[in-house]
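Each chain is listed here by its residues.
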Amino acid sequence: MIIKNIGRLTGIVPEGVLRKEGAAMNETGEILDAWLLSRDGRIADFGPMFSCPSPSDGEEVIDAGGGMLIPSFCDSHTHLVYAGSRDAEFLDKINGLSYEEIAARGGGILNSSDLLHSTSEDELYRQSMQRVKEVMEFGTGALEIKSGYGLRPEDELKMLRVIRRIKESVPVTVRSTYLGAHAIGRGYTHEDYVRMVIDLLPEAAPLADFVDVFCDEGFFTVEDTARILEAATPFGLRPKIHANELAVSGGVQVGVKYGALSVDHLERTTEAEIEALRGSGTMPTMLPGSSFFLGIPFGNARGFIKAGLGVALASDYNPGSSPSGDMRFVMALGCIRMRLTPVEAFNAVTLNSACAMGLSHELGSITRGKKASFILTHPGWDLTKLAYTYRTPFINRCIY
């Protein structure tokens, strides 16, 4: 495939650069009036239009017509395998109940668990595939999907099997996370539930790429998290941790200690979290869609970048606290509410979010050898306009 007459080829990153940090967050390569060649689903070459090669036999030619070509969005934190809806809780929110109050009344995650329990595996797959197709149409070319609404052994495994079916059904890249420790399931004591999460690992691990724990106030402690991560280590499951959404929980520190690929949420952080992350391989991942929907603080992305760290942004697509998987809106929130530049926000939803899934060697930038996974826009777009006019249709086509 040759894509020619690209108005802006944006998101060019040299080979070997797997994440952006500090001042580099505000840098990305760009060629105006460009072409790109892919072979066997990989980026083979690109350059200015005056050097565009003639197509070989059998090569498809796409005329971009002056549109911008960028790497597809990467969404490193979703819960989009769920059953039904929690729109009744939306009314509770409007009436003034907080996320914690809804959960204390038996709502929230437990409501999703009850719905999922009564939903067949085929129907759960059907509903979830609708959401996957939706985010693909929004330009998402890679996503992570968590379990965590099962809260019973058989239902956690049902979720993981559905995620596996999704992986096998779509051209985008999907990663699976075992989040048995999302909340305490009905009928369990806290200790019995932690033990169940650990005991399920031999069956869950073959279906999962990562392991996650909701290490936060009212959910799982640092000690619980350490026990689960230690038990998961022999199965080769790298951690991705929910941390510091509701309180400064210690989740960042325990995540870094156990080599977490990412620590996610981070709505409430201090200098201690920045220091814990400095020099680690763990990607700080913030979820502005959740902050927007719940009315809670946005993560301190500016402070993290000023300290020399990188930041990823993800959607947190779920029925209770972020019912949207639109990564273009996530990018816009990064600019509007977190004061990121459009380039910083772009890097956060592409290369750095790919890094938070262990995929930045394959996705997240225009780099020779990476997977050919792109968004081609209509003419006249750049990154600033993408975030500024955040609801104006911009996608000409997605290429996965």
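Look up a bit, the structure's there.
Throughout what follows, the structure given in this document is the object of discussion. Every residue gets a number counted from 1 within its own chain, in the order that chain's sequence is written. Reporting in this predicted model follows two pLDDT cut-offs: at least 70 for local features of residues, and 80 or more for side-chain atom pairs to be given and counted; totals over whole chains, interfaces and linings ignore these cut-offs and use all residues. For the side-chain quantities, the full set of heavy atoms in the structure was used; hydrogens and water were omitted.

## Points about the packing of helix α4 (residues 121-137) against helix α5 (residues 153-169)
The criterion, for reference: To obtain an axis, a line is fitted to C-alpha atoms, over the contacting stretch when the element is a helix, and the angle between two such axes runs from 0 to 180 degrees between their N-to-C directions. Helical segments are the DSSP runs of H or I of at least four residues, strand segments are the runs of E of at least two, and each set is numbered from the N terminus. Roughly parallel means an angle under 35 degrees; roughly antiparallel, over 145; roughly perpendicular, 65 to 115; everything else is oblique. We call a crossing left-handed when the near helix sits turned anticlockwise from the far one by less than a right angle, and right-handed when that turn is clockwise. Whether two residues touch is decided by their heavy atoms; if any such pair falls within 4.5 Å, the residues are in contact. Basically, the charged four are Asp, Glu, Lys and Arg, the nonpolar ten are Ala, Val, Leu, Ile, Met, Phe, Trp, Tyr, Cys and Pro, and anything else, Gly included, counts as polar.
Interhelical geometry of α4 versus α5 gives an angle of 50° and a closest axis separation of 10 Å. In terms of orientation, α4 lies oblique with respect to α5. In this structure, the crossing between α4 and α5 has a hand that is right-handed. In this structure, α4 uses Glu121, Asp122, Leu124, Tyr125, Ser128, Met129 and Val132 to contact α5, whose residues at the interface are Lys158, Met159, Arg161, Val162, Arg165, Ile166 and Ser169. Here the residues of the contact of α4 with α5 are counted per class, giving 7 nonpolar, 2 polar and 5 charged.

## Examining the pattern of salt bridges
Rules: We define a salt bridge as a contact between a side-chain nitrogen of Lys or Arg and a carboxyl oxygen of Asp or Glu at a distance within 4 Å. Any residue under 20% of the maximum accessible area for its type is buried, any over 50% is exposed, and the rest in between are partly exposed; the area is computed with a 1.4 Å probe on protein chains only.
This model, assessed by the stated rule, comprises 21 salt bridges. A salt bridge links Arg152 to Asp114; the nearest nitrogen and oxygen atoms lie 3.9 Å apart. Taken as a pair, Arg152 in the loop between β7 (140-146) and α5 and Asp114 in helix α3 (residues 109-117) lie far apart in primary sequence, 38 residues in all. By relative accessible area, Arg152 is classed as partly exposed at 21%.

## Focus: the nonpolar core
The condition is simple: Nonpolar cores are built from buried Ala, Val, Leu, Ile, Met, Phe, Trp, Tyr and Cys residues. Side-chain atoms within 4.5 Å join them into one set.
In terms of nonpolar packing, the biggest core is built from 95 residues, with Val81, Ile166, Tyr178 and Leu313 touching the most fellow members. Excluding residues within four positions of it along the chain, Tyr178 makes contact with Ser147, Glu156, Leu160, Met196, Val197, Leu200, Leu201, Ala204, Ala208, Phe210, Val211 and Asp212. Membership of the second largest hydrophobic core comes to 17 residues, among which are Ile3, Leu69, Ile366 and Leu376.

Read these as spatial facts, not as claims about activity.
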